[in-house]
Amino acid sequence: MNNKSTKHTKVLILGSGPAGYTAAIYAARAMLKPILVHGSQPGGQLTTTTDVENYPGYAKAIQGPWLMEEMKGQAEAVGTEMIQDHIKKVNLTNKPFTAEGDSGQIYTADSIIISTGAQARWLNLKSEKNFRGFGVSACATCDGFFFKDKEVAVVGGGNAAVEEAMFLTKFATKVNLIHRRDKLRAEKMLQEKLKANKKIEIIWDTVVEDVLGTDEPKGVNGIKIKNIKDNKIKELKVDGLFIAIGHDPATELFKDQLKMDKEGYLITKPDSTITNIPGVFAAGDVKDKIFRQAVTAAGMGCMAALEAEKHLSDK
């Protein structure tokens, strides 16, 4: 396609999920006629979450994919144009900003809201994928409650892993922290707290080889672990496995244009979604590695839309 078509919008939203959809709802209601571009799997991380019990407004557990469908429908109903495309290039140096899709479509925008999210890193075991959402989780804050009076394992050695392990002791009878090295990367103060907790056992120099469980009813009942020093394999009885080896924000597209930290999270002004480029805003897990909740992402989506609206009217 040489005659690439161009679409212009006042607000271009990149990425869906609670942040993108909420930004779209607010921008559309402000009569900004936003365009939201999402990939082949709209809805973000929540679409892989079955029971959501912590999103305000629902007394009974709801399904993650359903919640995302509703948000998407709401954004469309108030006037958001939804487009499925994969953005391969953005130029934030000139106004209007431009983004180029795999489809050949060029998008130009007076402001951009980035809500491309992040993805949890997994161990990439077939069995882990099979039991994801059925005993295997990457979020203790989301799923810890389901493991009341049960034994669980956490994989990792950084701050996140230690915090997840500590949090899980509120529910679980025992938490096994499995780390492939012989010392943790977590902050010293956190390590002290961890070691003082009687419910936590650290299993050093060890990796998870396999997740064990049943298909009817579907659930985890153990893991196969290997000591990397002596290659001994043993089975550990657990009802849940939490993977806490980090997240990867989807920010590759913005390298060398937007300020990010060493892990690739976009940096915004405190209490704001404003990036280092005026008119470009970042909301949700793409800039938040602390809370990572649907409700905080939605809140930031709202902030981004309001800040974009202000930016456009100040122009």
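Refer to the structure presented above.
Bear in mind the structure is a predicted one, so any value in this text is a computation, not a measurement.

**Q** Give me the lowdown on the overall build of the chain, citing residues and values where you can.
**A** Each helix and strand in the chain was counted, giving seven helices and 19 strands. Relative to a compact globule of 315 residues, whose C-alpha radius of gyration would be 20 Å, the chain shows 21 Å and is just as compact. Overall, the chain is about 60 × 40 × 40 Å in size when its C-alpha atoms are taken along their principal axes. Here the chain, with 315 residues, has 49% of them falling under the buried criterion.

**Q** Residues and numbers for the sheet that holds strand E16 (residues 233-236), please.
**A** Each strand in a sheet pairs with its neighbour through backbone hydrogen bonds, running either in the same direction (parallel) or in the opposite one (antiparallel). Pairing is antiparallel across the open sheet formed by three strands, whose spatial order is E14-E15-E16. The open sheet has two free edges, formed respectively by strand E14 (206-215) and E16, since each of these has just one partner strand. Strand-to-strand twist of the sheet, defined as the mean angle between neighbouring strand axes without regard to direction, takes the value 25°. As judged from the four bridges shared by strand E15 (residues 218-227) and E16, these two strands associate in the antiparallel manner. Residue Ile223 lies in a different strand from E16, and its bridge partner there is Leu236.

**Q** Any chance you could break down the packing of helix H1 (residues 17-29) against helix H2 (residues 64-77) for me, citing the residues and the numbers?
**A** Where H1 contacts H2, the two axes come as close as 8 Å, and the packing angle between them is 20°. With respect to each other, H1 and H2 are oriented roughly parallel. As H1 runs across H2, the sense of the crossing is left-handed. In this structure, H1 uses Gly17, Pro18, Tyr21, Thr22, Ala24 and Ile25 to contact H2, whose residues at the interface are Met68, Met71, Lys72, Gln74 and Ala75. In the contact of H1 with H2, the residues fall into seven nonpolar, three polar and one charged.

**Q** Would you mind going over the environment of Glu70 in detail, with residue names and values included?
**A** Of note, Glu70 is situated in helix H2. Along the chain, Glu70 and Asn231 lie 161 residues apart, while their C-alpha atoms are 49 Å from each other.

**Q** Lay out H2 with the relevant residues and their values.
**A** Taking 1.5 Å as the rise per residue, H2 with 14 residues should run 20 Å; its terminal C-alpha atoms sit 20 Å apart, in good agreement. All buried positions along H2 are accounted for by Gly64, Leu67, Met68, Met71, Lys72 and Ala75. Viewed along the axis of H2, the buried residues span an arc of 135°, placing them on a single side of the element. Facing away from the buried surface of H2 by more than 90 degrees, the exposed residues are Glu69 and Ala77. Immediately beyond the C-terminal end of H2, within one or two residues, lies Gly79, with a positive phi of roughly 115°.

**Q** Could you give me a rundown of the packing of helix H5 (residues 159-168) against helix H6 (residues 188-196), with the residues and numbers involved?
**A** Remark: H5 packs on H6, axes separated minimally by 10 Å, with the N-to-C direction vectors making an angle of 30°. Comparing the axis directions of H5 and H6 gives the class roughly parallel. Handedness of the H5/H6 crossing: left-handed. Facing Asn159, Val162, Glu163, Ala165 and Met166 of H5, the residues of H6 in contact are Leu190, Lys193 and Leu194. Residues of the contact of H5 with H6, tallied by class, amount to five nonpolar, one polar and two charged.

**Q** A description of the packing of aromatic side chains should follow, citing residues and the corresponding values.
**A** Pairs of aromatic rings are described using the distance from one ring centre to the other and the angle between the two planes. The full count for this structure, using the stated rule, is five aromatic pairs. Between Tyr58 and Trp66 the ring centres are 5.8 Å apart and the planes differ by 85°, which places this aromatic pair in the edge-to-face class. Using a relative accessible area of 33% as the deciding quantity, one classes Tyr58 as partly exposed. On the basis of relative accessibility, which here comes to 39%, the residue Trp66 falls in the partly exposed class. On the basis of an interplanar angle of 75° and a centroid distance of 5.4 Å, the ring pair of Phe147 and Phe242 is categorised as edge-to-face. Of this pair, Phe147 sits in the loop between helix H4 (140-143) and strand E11 (151-155) while Phe242 sits in strand E17 (residues 240-243), and the two are 95 residues apart along the sequence. You'll find Phe147 and Phe242 in the same group, each marked buried. Joined through ring pairs, the aromatic side chains of Phe145, Phe146, Phe167 and Phe171 make up one cluster. Over the ring of Trp122 we find Arg132, and its NZ or CZ is 3.8 Å from the ring centre.

How each quantity is defined
- Residue positions are given per chain, counted from 1 along the sequence in the order it is written.
- Confidence filtering applies because this is a predicted model: local features only for residues at pLDDT of at least 70, side-chain atom pairs given and counted only at 80 or more, and all residues used for totals across whole chains, interfaces and linings.
- Based on all heavy atoms of the structure, the side-chain values leave hydrogens and waters out of the count.
- The secondary structure listing takes helices from DSSP runs of H or I that are at least 4 residues long and strands from runs of E that are at least 2 residues long, numbered from the N terminus.
- Based on C-alpha atoms, the radius of gyration is set beside the globule rule, defined as 2.2 Å times the residue count to the power 0.38.
- Partly exposed residues are those whose accessible area sits between 20% and 50% of the maximum for their type, while under 20% is buried and over 50% is exposed, using a 1.4 Å probe and protein chains only.
- Strand pairing is defined by DSSP finding a minimum of two bridges between the two strands.
- Note on method: axes are straight lines fitted to C-alpha atoms, helices fitted across the in-contact stretch only, with angles between N-to-C directions ranging 0 to 180 degrees.
- Should an angle lie under 35 degrees it is considered roughly parallel, over 145 roughly antiparallel, and from 65 to 115 roughly perpendicular; all remaining angles are considered oblique.
- For any pair of crossing helices, the crossing counts as left-handed if the nearer helix is rotated counterclockwise from the farther one by less than a right angle, and right-handed if it is rotated clockwise.
- The contact criterion used is simple: two residues touch if any of their non-hydrogen atoms lie within 4.5 Å.
- In this count, Pro and Cys sit with the nonpolar residues alongside Ala, Val, Leu, Ile, Met, Phe, Trp and Tyr, while Asp, Glu, Lys and Arg are called charged and the others, Gly among them, polar.
- By definition here, a helix of n residues has an expected span of 1.5 Å times n minus one.
- By definition, the arc is the one covered by directions from the helix axis to the C-beta atoms.
- Pairing of aromatic rings covers Phe, Tyr and Trp, the last counted by its six-membered ring, and requires centre-to-centre distances within 6.5 Å; plane angles under 30 degrees mean stacked, over 60 mean edge-to-face, and any other angle means tilted.
- Think of it as a cone above the ring: NZ of Lys or CZ of Arg counts as a charge over the ring if it is within 6 Å of the ring centre and within 35 degrees of the ring normal.

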